[in-house]
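Overview (structure and organization)
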Amino acid sequence: MKIPIVLTLVIFIIGFIIGIVSINNLSKINNGDLPNFKPKIQFNFPFILTNNLKVIFLMLAGSITFGLSTFINLIFNGFNVGVLIGSTFQTNEPLKLIAGFILPHGIFEIPAMLISAVAGFKIPYEVIQYLRDKKEKPITEEDIKEFLKLALISIVLIVIAAFVEVYITPKIANYLLT
């Protein structure tokens, strides 16, 4: 499991760094208005949950796309988190913004995404181990159980994250910013 975990973290961090580094270029493209950008996000539970579950299932789909969908989504989501955090540092109150708008649900959402990515890389990793003659079977019952356990944990965490994002994050953000 070490290699899928390390691979997941490295890819996410690369996307994150690209997002932070890109924030100055994105700001120039938007004539410096990025700090004033107000995303139009629907803050209702079904919308947020559905959107977040799509990400989780795309990460898990790496098990059948030989890691491709997991890789693409890790880079994309790492980039988005990097841009989001990077853009807060262009305001006067970055720590309040991060604490208010990202942290409450992010403590569930980001681990859910990373756990589902590890699961998405797990099956391809096991198949590679088989092809390298490191295993007798490409996928064992234990591999499937571990994949399903990781998938279930990530789904539970993403449901909690959606709930927190809709019902708790706005209250914390309003409190910190007033």
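Residues numbered from 1 in each chain as written. Predicted model: local features only at pLDDT ≥ 70, side-chain atom pairs only at ≥ 80, totals over all residues. Heavy atoms only, no water.

**Regarding the nonpolar core**
Of all hydrophobic cores here, the largest spans 18 residues; its most connected members are Leu49, Ile56, Leu60, Ala112, Ala119, Phe147 and Ile158. Mapped by element, the contributors of at least two residues to this core are α2 (45-60), α4 (94-131) and α5 (141-167). For this core, the element with the highest residue contribution is α5, accounting for eight residues. Isoleucine 56 has contacts with Ala112, Met113, Ser116, Ser154, Ile155 and Ile158, leaving out every residue within four places of it along the chain. Among the nonpolar cores identified, the runner-up in size contains twelve residues, and Ile11, Val81, Leu114 and Ala117 belong to it. (Core = buried A, V, L, I, M, F, W, Y, C linked by side-chain atoms within 4.5 Å. Buried < 20%, exposed > 50% of the residue type's maximum accessible area, 1.4 Å probe, protein only. Helix = DSSP H or I, 4+ residues; strand = E, 2+ residues; numbered from the N terminus. Contact = heavy atoms within 4.5 Å.)

**Examining the packing of aromatic side chains**
Scanning all chains against the criterion turns up two aromatic pairs. On the numbers, 4.9 Å between centres and 45° between planes, the contact of phenylalanine 163 with tyrosine 167 is tilted. Taken together, the residues phenylalanine 163 and tyrosine 167, both in helix α5 and four residues apart, mark about one turn of the helix. Taking relative accessible area as the criterion, phenylalanine 163 reaches 42% and is therefore assigned partly exposed. For tyrosine 167, a relative accessible area of 41% puts it in the partly exposed group. Three or more aromatic residues joined by ring pairs form one cluster here, namely Phe45, Phe163 and Tyr167. (Phe/Tyr/Trp six-rings, centres within 6.5 Å; stacked < 30°, edge-to-face > 60°.)

**Digging into a nonpolar patch on the surface**
On the surface, a cluster of nonpolar side chains totalling about 500 Å² of accessible area is made up of Met1, Ile5, Leu9, Ile13, Ile17 and Val21. Structurally, leucine 9 is set in helix α1 (residues 2-29). In this structure leucine 9 comes out as partly exposed when scored by relative accessible area, which is 39%. (Patch = residues over 30% accessible without salt bridge, like charges linked within 9 Å, V, L, I, M, F, W, Y side chains within 5 Å. Areas by Shrake-Rupley, 256 points an atom, 1.4 Å probe, with all protein chains shown as cover. Salt bridge = Lys/Arg side-chain N within 4 Å of Asp/Glu carboxyl O.)

**Some points on the packing of α2 against α5**
The axes of two packed helices give the description: the angle between them and the distance between them. Where α2 meets α5, the axes come as close as 9 Å, and the angle between the chain directions of the two elements is 155°. The orientation of α2 relative to α5 falls into the category roughly antiparallel. Note that α2 runs across α5; the crossing there is right-handed. For the pair formed by α2 and α5, the contact residues are Phe45, Ile48, Leu49, Asn52, Leu53, Ile56, Phe57 and Leu60 on the first element and Phe147, Ala151, Ser154, Ile155, Ile158, Val159, Ala162, Phe163, Glu165, Val166 and Tyr167 on the second. (Axes fitted to C-alpha atoms, helices over the stretch in contact; angles between N-to-C directions. Parallel < 35°, antiparallel > 145°, perpendicular 65-115°, else oblique. Left-handed = near helix turned anticlockwise from the far one by under 90°.)

Geometric descriptors of this kind do not, in isolation, establish any biological role.
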